[in-house]
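Observations on chain architecture
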Amino acid sequence: MKYITLLPLIIYISCLLACGQDDSVTSEAPESDLAQRLPGTWETVELEVDYRTYMGADTAYQEVIREADWGKVYGVRPPSTVYTTDGKLRRTYRMRSGEVANITNGIWKVTGDSLLVIEPNITYTYAYDLQGDRLELTGTVDQDQDGTADDDFRAVYRLTSSTR
């Protein structure tokens, strides 16, 4: 009989404890937004571009570069991009030997759920997915710079050093 009278009290206390929990304490804190987490050096791991009209011609073309392809197939290192806290970026392309082949400078800004990247003569807008040290950018852009934003772009980047 004692157990039957204690049962409502146990249920009541359990409900109080469960209802009184602060979700912000028990669940993981949400990830910081991209503007806070992006500054640092990011290496391009893979790249996929579907060109609907390649270089303005009536030809479709698909470019797929996986992580192992950079050196083996193309004889280069994966491009690395440094995003600074003041909204600037610097992308460096290197040969396999380490020699710099090209450098692109630009600016970046997070606007809502998009990353805006402005480089000489072109502006890109990407949707982003940031999971830990992996960043995926996707969008329909003018990757071949033929004047029409009709190229489906997807790239995955790995954080190699952070400046946060």
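Residues numbered from 1 in each chain as written. Predicted model: local features only at pLDDT ≥ 70, side-chain atom pairs only at ≥ 80, totals over all residues. Heavy atoms only, no water.

Quick word on the nonpolar core
Counting residues in each nonpolar core, the largest one holds 24 residues, and the members touching the most others are L38, W42, L135 and F153. Of all the elements in the fold, those that place two or more residues in this core are strand 1 (40–51), strand 6 (114–119), strand 7 (122–131), strand 8 (134–141) and strand 9 (151–162). (Core = buried A, V, L, I, M, F, W, Y, C linked by side-chain atoms within 4.5 Å. Buried < 20%, exposed > 50% of the residue type's maximum accessible area, 1.4 Å probe, protein only. Helix = DSSP H or I, 4+ residues; strand = E, 2+ residues; numbered from the N terminus.)

Overview of the side chain of T92
Within the secondary structure, T92 sits in strand 4 (residues 88–94). Sequence-distant contacts of T92, defined by excluding residues within four places in its chain, comprise P79, S80, V100, N102 and I103. (Contact = heavy atoms within 4.5 Å.)

Comments concerning the pairing of strand 9
As defined by bridge partners, strand 1 adjoins strand 9 across 11 bridges and the pair is classed as antiparallel. By the bridge assignment for strand 9, W42 is matched with L159. Bridging between strand 8 and strand 9 involves eight bridges; their strand directions are antiparallel. If you follow L137 over to strand 9, its bridge partner there is A155. (Pairing = 2+ DSSP bridges.)

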